[in-house]
Amino acid sequence: MNGPDVKKPDVKPDVNPSVAPGVRLGQVSFVWRPLIVFVTLLLAAATFLVFCVSIGVGDFPIGLNRVIATILGRGERVDEFVVMDLRMPRALAGLVVGIALGVSGAITQSIARNPLASPDILGVTGGASAVSVFLVTVSGGTATAIVSSVGLSAAALLGGLGTGLLVYFLAWRRGVDGFRLILIGISVSAVMEAITTWLLVTADIRDVAKAQAWLVGSLDNRSWGEVRIALWCTLVLLVVVASVAFQFKPMHFGDEIAAGLGVRYSMVRAVLLLCAVLLAAAAVSAAGPVPFVALVAPQVAMRLARCPTPPMVASGLVGALLLIGADLVARTALPISLPVGVVTAAIGGPFLVYLLVRANLR
Amino acid sequence: MAAQHIAEVEAGVGDTSRLAAKGVTVGYGGRIVIDELDVAIPPGVITTVIGPNGCGKSTLLRTLSRLLKPTSGTVVLDGDDIVKLRTRDVAKKLGLLPQAPVAPEGLTVSDLVARGRHPHQSWLRQWSSDDVAVVERALAMTGVSDLADRPVDSLSGGQRQRVWISMTLAQGTDLLLLDEPTTYLDLAHAIDVLDLVDDLHESGCTVVMVLHDLNLATRYSDNLVVMREGAILAQGHPRDVITAELLHEAFGLRAKVIDDPVGDRPLIVPIGRAHVQLD
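Residues numbered from 1 in each chain as written. Chains lettered and ligands numbered in written order. Predicted model: local features only at pLDDT ≥ 70, side-chain atom pairs only at ≥ 80, totals over all residues.

Glancing now at the overall build of chain A. Along chain A, the regular secondary structure elements total 13 helices and two strands. A separation of at least 24 residues holds for 75% of the contacts in chain A among residues at least 6 apart in sequence. (Helix = DSSP H or I, 4+ residues; strand = E, 2+ residues; numbered from the N terminus. Contact = placed C-beta atoms within 7 Å.)

So, about the environment of A:Ile68. When you line up the elements, A:Ile68 lands in helix α2 (residues 64-71). When the C-alpha positions of A:Ile68 and A:Leu49 are compared, they lie 9.3 Å apart, and in sequence the two are 19 residues distant.

Moving on: the sheet that holds strand β2 (residues 31-41) of chain B. Think of a sheet as strands paired side by side through backbone hydrogen bonds, with each pair either parallel or antiparallel. Residues and elements named next belong to chain B. One open sheet holds the four strands; their spatial order is β2-β1-β4-β5, and the pairing between them is antiparallel. Of all the strands in the sheet, the pair left with one neighbour each is β2 and β5 (80-81). In this fold helix α2 (residues 57-64) packs onto β1 (19-28), β2 and β4 (72-77), with an angle of close to 120 degrees to the strand it touches most, β1. (Pairing = 2+ DSSP bridges. Axes fitted to C-alpha atoms, helices over the stretch in contact; angles between N-to-C directions.)

A few words now on the nonpolar core. Membership of the largest hydrophobic core comes to 185 residues, with the highest contact counts inside it found for A:Val96, A:Val97, A:Ala280 and A:Ala283. Here A:Val96 is in contact with A:Val227, A:Ala230, A:Leu231, A:Thr234 and A:Ala286, once residues within four sequence places are set aside. (Core = buried A, V, L, I, M, F, W, Y, C linked by C-beta atoms within 7 Å. Buried ≥ 20, exposed ≤ 12 C-beta atoms within 10 Å, placed from the backbone.)

Further remarks concern the interface of chain B and chain A. Listed per partner, the contact involves 49 residues of chain B and 37 residues of chain A. Contributions of two or more residues to the side of chain B that touches chain A are made by α3 (87-93), β6 (95-97), α4 (109-114), α5 (129-141) and α7 (187-202) of chain B. For the side of chain B that touches chain A, the element with the most residues is α5(B), which contributes eight residues. Residue classes in the side of chain B that touches chain A are distributed as 23 nonpolar, 15 polar and 11 charged. (Nonpolar A, V, L, I, M, F, W, Y, C, P; charged D, E, K, R; others polar.)

Our focus in this paragraph is the packing of helix α4 (residues 124-137) of chain A against helix α10 (residues 265-287) of chain A. Residues and elements named next belong to chain A. Interhelical geometry of α4 versus α10 gives an angle of 35 degrees and a closest axis separation of 9 Å. Relative to α10, α4 is oriented so that their crossing is right-handed. Residue-level inspection shows Val124, Thr125 and Ala128 of α4 in contact with α10, the latter providing Val277, Ala280, Ala281 and Val284. (Left-handed = near helix turned anticlockwise from the far one by under 90°.)

All names here are of chain B. Sheet architecture is open: six strands sit in the order β6-β7-β8-β3-β9-β10, paired in mixed fashion. What marks the edges here is a single partner per strand, and that holds for β6 and β10 (231-236). Strand-to-strand twist of the sheet, defined as the mean angle between neighbouring strand axes without regard to direction, takes the value 15 degrees. Across five bridges, the pairing between strand β7 (residues 175-179) and strand β8 (residues 206-210) is parallel. Of the residues in β8, the one forming a bridge with Asp179 is Val210. Where α7 meets the sheet, its contacts fall on β3 (46-50), β7 and β8, and the angle it forms with β8 comes to roughly 150 degrees.

Turning our attention to unusual backbone geometry. Residues and elements named next belong to chain B. One non-glycine residue, Asp78, lies in the positive phi region at around 50 degrees. Here Asp78 lies in the loop between β4 and β5. Residue classification places Asp78 among the partly exposed residues on the basis of 13 C-beta atoms within 10 Å. For Glu229, which is not a glycine, the phi torsion comes out positive at approximately 45 degrees. On the basis of neighbour count, Glu229 is assigned to the partly exposed category, with 14 C-beta atoms found within 10 Å.

Let us look at the environment of B:Asp111. All names here are of chain B. Assignment of secondary structure puts Asp111 in helix α4. Overall, the presence of 24 C-beta atoms within 10 Å leaves Asp111 in the buried class. Sequence separation between Asp111 and Arg150 is 39 residues, and the spatial gap between their C-alpha atoms is 10.0 Å.

Let's shift gears to the environment of B:Val193. Residue and element names in this part refer to chain B. Examined against the element boundaries, Val193 turns out to sit in helix α7. Among the residues examined, Val193 registers 23 C-beta atoms within 10 Å and is labelled buried. Measuring from C-alpha to C-alpha, the distance between Val193 and Thr142 comes to 9.1 Å, with 51 residues separating the pair along the chain. Beyond its immediate chain neighbours, meaning those up to four positions away, Val193 contacts Gly158, Gln161, Arg162, Pro181, Thr182 and Leu185.

Residues and elements named next belong to chain B. As paired elements, strand β11 (residues 255-259) and strand β12 (residues 266-270) share five bridges and run antiparallel to each other. For Ala255, the partnering residue across the bridge sits in β12 and is Pro270. Between the end of β11 and the start of β12, which pair antiparallel, lie six residues.

Residues and elements named next belong to chain A. Residues at a pLDDT of 70 or more form 90% of chain A, whose mean pLDDT is 83. Predicted confidence in chain A is weakest over strand β1 (residues 22-25), with a mean pLDDT of 69, and strongest over helix α1 (residues 34-56), with 93. Below pLDDT 50 for its whole length, residues 1-17 participates in 24 contacts with residues either more than four positions away or in separate chains. (pLDDT = per-residue confidence, 0-100.)

The next thing to look at is the pairing of β1(B). All names here are of chain B. For β1 and β2, the ladder comprises seven bridges, and the chain directions are antiparallel. Directly across from Val24, in β2, lies its bridge partner Leu37. Hairpin connection between β1 and β2: a loop of two residues separates the two successive antiparallel strands, and Gly29 in this loop has a positive phi of roughly 50 degrees. In the sheet, β1 pairs with β4 via five bridges, with the strands oriented antiparallel. The residue of β4 that forms the bridge with Ala20 is Val76.

Right, let's talk about the packing of α1(A) against α2(A) for a bit. Residues and elements named next belong to chain A. At their nearest, the axes of α1 and α2 sit 9 Å apart, and the two run at 105 degrees to each other. Put simply, α1 runs roughly perpendicular to α2. Facing Cys52, Val53, Ile55 and Gly56 of α1, the residues of α2 in contact are Leu64, Val67 and Ile68. Looking at the contact of α1 with α2, its residues break down into six nonpolar, one polar and no charged. (Parallel < 35°, antiparallel > 145°, perpendicular 65-115°, else oblique.)

Pasting the structure below:
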């Protein structure tokens, strides 16, 4: 094939080219990729296991089989109270936030076609942080009223969403271009960070401590109320993402190829980007700005499933596994109890470095 | 053939042509690139658009493929205004290969070519046995079957271009628009890719492409569209179109047009300043 001496390719190939086989179930058909299915199932099983272990661990330890029995509705009365009322909100928050961040990261990285992109870059985290720190530190009539009426989580959600949309519209110039989005996102995030820092420097020291705790990202003291909002938001958004994900496939090759293959790429991108912003905002509202999960989860999922592009479902599961696992480590393995955000960065970072280095050595 | 061609073009043909631009004006943000242009693509032949840098060649191809929406005028595909067709329906009739496309790192050849089936798939029906057959045929036709498992980024430039053409073929259209398919390729690989384009034409495809190399355009096309400053300067069979005067008018190039020693087409010999011995 390397030169003009190769004549017309009219020879029948001896080897049957390895086009991926299809699977057909009634009217539904899809490409059969055993590795992705296997990795995804394995991740789902691991996530469920860590989820249950995380619920069982605490001052009143409950065995794994009893946790599972209780979740399935066949537990004892005492276990039911501890599992469902006391510990479930925290574990569920970890699951939902992890999935939301993982999927949001996968979308952002796919759209920007850049592995360094994450919802943090879309301004969501920066905006949510600035709004929350403002509400915590500026004690005054209005701020206190807002905190008590809508709650810090909801205010953070709105702050993140508002900033995300601002970045999106500033980046709009006859469609959204990946590089432009990243540049504007970084700039807006920097402004939000500056506001946050300024608020922290000028605020009362006790408020600063409170704000700082929120800024690291934590699953402590979650209530069913807070978790429920994030859970429903995430579920609805995942359905939307799943419905447009098929149209997104050709967009990994760029807008022109996608258009040539019949995809209305501006519309698909707008919907997905909005979903990414909303997912990240929902996550931030439930757990604060947990760092690194959205960045690292898609990259880890890609390498586990040997995919050239971030796989959505696997990315969400890696995010959940990372977040619940980090929370478990933060609560049990360390001498002092740390917020989960400290541990996600400490676990996620080295693991991504390991995967990258392993690829280099091969 | 050539004479009939010219007659058709002169008559402002629209009957036999499947793709045509009628009074099309296109621009980017206020700057007009193509002004009131008419062109009809004759079926079953290779049409090549040539012209100096910035004359609107690629813009014309992008407009014909619906990537750009004209500010006035219409592009007609099989009798319909292309802007009014659904994107997916256009993709079922017309395959497009843009300039220098990039695949995600690590993507295999067969997965890339398989993506060409996208216009024929839906959320529920993402893959069928028809798709397998079409993709295998597309791989075989472009001679990349034995590269099927290789990552696209590990291939040479010429092989990569074959793979992209293969993806466009898997789309299953008999109308192919190729924007500079030989960019970044050395001459040997360029010939290799153009031979493939000629195979596709032999198998019944209508091809429209943009090329920079005038001699390759002359050799491989049956219909040349010569553009300058957003308008068509000349159109027709290379034998009728390529003259020293036209080259000077279109490109400001001093050249001699001689008979091709190995073909039945004209050959352009550019006259620069270095080592020239004119009689």
